[in-house]
Amino acid sequence: LLLCLLSLICYATASTAQSSRGIVCGVERWPVKVMADSDQALVVLVPTPSSVMALRDLPRPTVSLPRDRRIQPQEVTVYRLRVTVRQEFAESDHDWHLVLRDTEDSLLTMIGEIPDSACANDSPFAASFSEARRAFQSAPRGAILEIDGVGFFDFLHGQRGVAPNGIELHPILAIRVVSSPTQPARHSESPITPARSSRRN
């Protein structure tokens, strides 16, 4: 195991882990991503209104990103954003990866992720992940959405839609439709397409 961890060749196989149901889940900062970390009780669940623009302007942490602890205050804050979704796809770790677009400036984006409840590591928020997926699945394409999610700093590795400081909403806990265009909702049997390119988990 030590040799594998030290080997770059082994990285690709070490970057995912299986859940108890045999589903391939993520590894990098995974307890924080699914709210099963040591600092989970510190998260203030009352949402703080913000915007994609404002979160992109936050300074990136200068400390290393811990696997099982949170960077304060951003990672103990639930942010409430109004956004449109530019792209959505499924990651290899079974997260739903949403590219969130600022409603004031559509060129500004950041990432939001909805974990698979099967990869939630007994997180008390597993039911919230499932409900957020159902809400997104039934939302009309192009709708303005109100999204509640926990601030999270990810490693920068070329993700689609990533903010320059690496901040995300991860996990997304709730989604509501604010205004609906005339476009139909996502198809219930195929809500989201697989990612075409690999990424770190």
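What comes next is a walk through the structure. Not measured: the values here are computed from a predicted model.

**Quick look at helix α5 (residues 126–138)**
Thought 1: Its 13 residues place the ends of α5 19 Å apart at the C-alpha level, agreeing with the 18 Å of an ideal helix rising 1.5 Å per residue.
Thought 2: The set of residues buried in α5 consists of Phe 129, Ala 132, Arg 133, Ala 135, Phe 136 and Gln 137.
Thought 3: Along its buried surface, α5 packs onto β4 (77–90), β5 (96–102), β6 (109–114), β7 (144–153) and β8 (167–179).

**Considering the side chain of Asp 39**
Thought 1: Looking at the secondary structure, you find Asp 39 in the loop between α3 (30–33) and β3 (44–49).
Thought 2: Take Asp 39: its relative accessible area is 5%, and that puts it in the buried class.
Thought 3: What Asp 39 contacts, discounting residues up to four positions off in sequence, is Asp 68, Arg 69 and Arg 70.

**Looking at the packing of aromatic side chains**
Thought 1: Scanning the model with the defined rule gives one aromatic pair in all.
Thought 2: Taking the centre distance of 6.4 Å and the plane angle of 65 degrees together, the rings of Trp 96 and Phe 136 count as edge-to-face. Of the two residues, Trp 96 sits in strand β5 while Phe 136 sits in helix α5, which places them 40 residues apart along the sequence. Of the two residues examined, Trp 96 and Phe 136, each falls in the buried class.
Thought 3: We note Arg 160 situated over the ring of Phe 89; from NZ or CZ to the ring centre the distance is 3.8 Å.

Analysis parameters
Residues numbered from 1 in each chain as written. Predicted model: local features only at pLDDT ≥ 70, side-chain atom pairs only at ≥ 80, totals over all residues. Heavy atoms only, no water. Helix = DSSP H or I, 4+ residues; strand = E, 2+ residues; numbered from the N terminus. Expected span 1.5 Å × (residues − 1). Buried < 20%, exposed > 50% of the residue type's maximum accessible area, 1.4 Å probe, protein only. Contact = heavy atoms within 4.5 Å. Phe/Tyr/Trp six-rings, centres within 6.5 Å; stacked < 30°, edge-to-face > 60°. Lys NZ or Arg CZ within 6 Å of the ring centre and 35° of its normal.

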